[in-house]
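# Overview (structure and organization)
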Amino acid sequence: MTTTTTAPKPKTDPKPKGDRRWWQRKEPPRRDNNAIIGVSKATPYLFSLPSILLVAGLLGFPVIYGLVQSLYRRPSLGAAPEWVGTENYTDMFSSDAFWHSLNKTGIFVVGSLVLGMALGLFFAFALFRVVGKLRFLRAITIGPYIVSNVAAAVMFRILFNSQFGTLNQAIEWLPWVDSGPRWLADPAVAMVTVIFTQVWTDLPLVILLILGGLMTIDKTHLDAALVDGATGWKRARHVTIPLLAPQILISIVWLSYSTLTGLGVVLALTGGGPLKATQTMAMEMYTVAFRNLEFNQALAIATFILILNALLTLGYVGIGRKYDYEA
Amino acid sequence: MTDTLPQDEFLTESLAEEALKASEGAPREPRRTAGRRGKGIIRNILIAIPLIALVIWTVTPFFVTLSISLKDRAEVFSDPSLIPANPSLDAYAQVLASETFTTSFWNSVIVGVGTTLLTIVLAVPAAYAFARFRFRGRHLLLLFTLLPRLVPSIGVMIPIYRLAVTTQMLDKRITLIIVYTAMLLPLGVWLLVGFFQAIPREIEEAANVDGASLWGRLRYIVGPLAAPAMITVGVLAFREAWNEFTLVLVLVNSPGKRTLPFELYKMQGVEGIADYPIEAAFTVLTIIPFILVYTWVEKYVVAGIISGSGK
């Protein structure tokens, strides 16, 4: 409730009183006790404990375990881990492979953001025009969401195949083109292929988020803009997009989260290759851990990813606070 | 709007409602103003072009894969057309007859159904407790909702693997079910809390006066009212288990325990010369079961995607 200066006394009075009087001491909010008639006090704990324990055990504990273990190292594969302090981190920061992967992650995240947001806005605006009329369009839009990363990778591998892929056939059909790019084998373009695949799998969510935002925009703003002579692109640029700010920011945060921490598409499509051209940080972590079997060193990379991701999440919470937006 | 479903009322204040309404065909003001009617055809074309682009963008990968799956190995290279000259279902027959597919398919079904059930069984009481009771630890809900964002699966991949090694839980389907449930629980609980809070407390109080026990209220009042949310959570859990790839990759080794995405991934790597029709047919067959589930409960999936993005 918003506190007004008109009558603060009668509103705030019952609470301190309640603390003092004996019959109200134990469970302050009376309203909630109504639902607990005949229910043991232990019930809410029994109800929520299994979930809390499972989540704490499989999401909370592993993070702490990972942090601790990143300070140890095994001198050889079978040996017991030894305390090395921050050596895993200093080694990580001085290794070329790490900076290479950080660089690739940057390209991956920014590339996916640019392509994803451009397409997301474009398609959401297009769908908004016909909203409610063509139901099957919705089903098609969500299509990629139900496909696993591996299946998407196989499909794009076929689409982008340089010998028989439909894309290159279309490109080679053009009279001035000799042969299309080798999408997956050429280090210069492999990242483009990965970005396309990643954006394809993530786009349904961006479209739906922005479309949801478009539906909430008050029509009077748009009509007012129309009266003022703003049409088409001008209206979109100066009225609609600013009003969509929360949804756009949330989409940006979500896309960055998905690309920063995403491993499936890269692993299944290129495996980090060719010549490490698509070796993102997630891929680097996987390689160090499960190919080189240097788990402790890999945990340093994992911690780094977690910190970057935590910063993103803070940004997300900040956006939520700023716009009072919950979704 | 005439056929608005009752559950829509309970999605108040969430973005899901708007999108749902939108897709259900909420009435919108006619967009064409009087002065513009003459440009109708051009306008329609201008509206259609981006929509066609959207369909092409989304459908092409599916279509190309389907096309390849209907060719044979030689035709892949010799017949470049999208619509095969002599389509055959040989690739599908081969995949369906192979043991790798049937085994991994049933593994996926077991893990998928197991994850769905366990998620609902754990999430419903937890969400009810968070929504209805004041108790110590209630503030954990906020942490709950932020955890999946703070801890992506890539961050816990190695620790969970080490944990499974030390507890000898590697290579077991039950491990996958438990891990996927933990991944999905925060979202599931958060979704359900919103629903439970939207159910008027008075209904339960009235039932309580009439002598309904807590179990009775859950069974006959809260449960049916929250059924749409439970379906949404179930679909999300099933999707996660059906499609998850990076964790199953490290938690499972032996061929008998792999799920479909893992087996599909193995297929690309192991076979020297890729057999594209087989790969394509395998891909199509992994997608089809979920499409069946999906068309059945499409509306809930939309709600689920949107709420899933928030957290």
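Here the structure is a predicted model, which is why all the values come from computation and not from measurement. Numbers given to residues run from 1 along each chain, matching the order in which its sequence is written. Written order determines the labels here, with chains lettered from A and ligands numbered from 1. Given that this is a predicted model, residues contribute local features only at a pLDDT of at least 70 and side-chain atom pairs are listed and counted only at 80 or more, while totals for whole chains, interfaces and linings are drawn from all residues.

## Some remarks on the overall build of chain A
A tally of regular secondary structure across chain A gives 16 helices and two strands. The buried share among the 327 residues of chain A stands at 41%. We count a stretch as a helix when DSSP gives it H or I for four or more residues in a row; a strand needs E for two or more, and each element gets its number in order from the N terminus. Here a residue counts as buried when 20 or more other C-beta atoms fall within 10 Å of its C-beta, as exposed when 12 or fewer do, and as partly exposed in between; the C-beta atoms come from the backbone.

## Here's the deal with the overall build of chain B
Broken down by element type, chain B carries 15 helices and zero strands. Evaluated residue by residue, chain B yields a buried proportion of 48% over its 311 residues. Looking at chain B alone, contacts between residues at least 24 apart form 79% of all its contacts between residues at least 6 apart. Throughout, a pair of residues is in contact if the C-beta atoms placed from their backbones lie within 7 Å.

## Notes on the interface of chain A and chain B
Listed by partner, the interface residues are 88 residues for chain A and 93 residues for chain B. Considering each element in turn, the side of chain A that touches chain B owes the most residues, 16 residues, to helix α4 (residues 43–69) of chain A. Class assignment for the residues of the side of chain A that touches chain B results in 62 nonpolar, 20 polar and six charged. Just so you know the grouping, Ala, Val, Leu, Ile, Met, Phe, Trp, Tyr, Cys and Pro go in nonpolar, Asp, Glu, Lys and Arg go in charged, and all remaining residues, Gly too, go in polar.

## Focus: the packing of helix α16 (residues 295–323) of chain A against helix α6 (residues 140–150) of chain B
Axis separation between α16 of chain A and α6 of chain B bottoms out at 9 Å; the angle between their running directions is 135°. Our classification of the angle between α16 of chain A and α6 of chain B gives oblique. Here α16 of chain A and α6 of chain B pass one another in a crossing that is right-handed. Contacts between α16 of chain A and α6 of chain B involve Asn309, Ala310, Thr313 and Tyr316 of chain A from the first element and Leu146, Arg149 and Leu150 of chain B from the second. Counted by class, the contact of α16 of chain A with α6 of chain B contains four nonpolar, two polar and one charged residues. Angles run from 0 to 180 degrees between N-to-C directions of axes, and those axes are lines fitted to C-alpha atoms, restricted for helices to the stretch in contact. Note on angle classes: values under 35 degrees are labelled roughly parallel, values over 145 roughly antiparallel, values of 65 to 115 roughly perpendicular, and the remainder oblique. When the near helix sits turned anticlockwise from the far one by under a right angle, the crossing is termed left-handed; a clockwise turn instead gives a right-handed crossing.

## Remarks on the confidence of the model for chain B
Regions with low pLDDT should not have their predicted coordinates read in detail. Residues and elements named next belong to chain B. Each residue gets a pLDDT score, which is the predictor's confidence in that residue and runs from 0 to 100. Averaged over every residue, the pLDDT of chain B is 80; the share at 70 or more is 81%. Scored below 50 in pLDDT, residues 1–30 makes 50 contacts in the model with residues more than four places away or belonging to other chains. Note on the complex model: pTM 0.83, ipTM 0.82.

## Considerations on the confidence of the model for chain A
Residue and element names in this part refer to chain A. When pLDDT is averaged along chain A, the result is 82; 87% of the residues meet or exceed 70. Here residues 1–19 scores under 50 on pLDDT; set against residues more than four positions off or in separate chains, the count is four contacts. Low confidence marks residues 30–35, where pLDDT is under 50. Its contacts with residues over four positions away, or in another chain, come to eight contacts.

## What to know about the environment of valine 114 of chain A
Residues and elements named next belong to chain A. Tracing the backbone through its elements, the reader meets valine 114 in helix α6 (residues 96–129). The class of valine 114 is partly exposed, set by 13 C-beta atoms lying within 10 Å. Each C-alpha atom, one on valine 114 and one on valine 199, is 9.7 Å from the other, the two residues being 85 residues apart in sequence.

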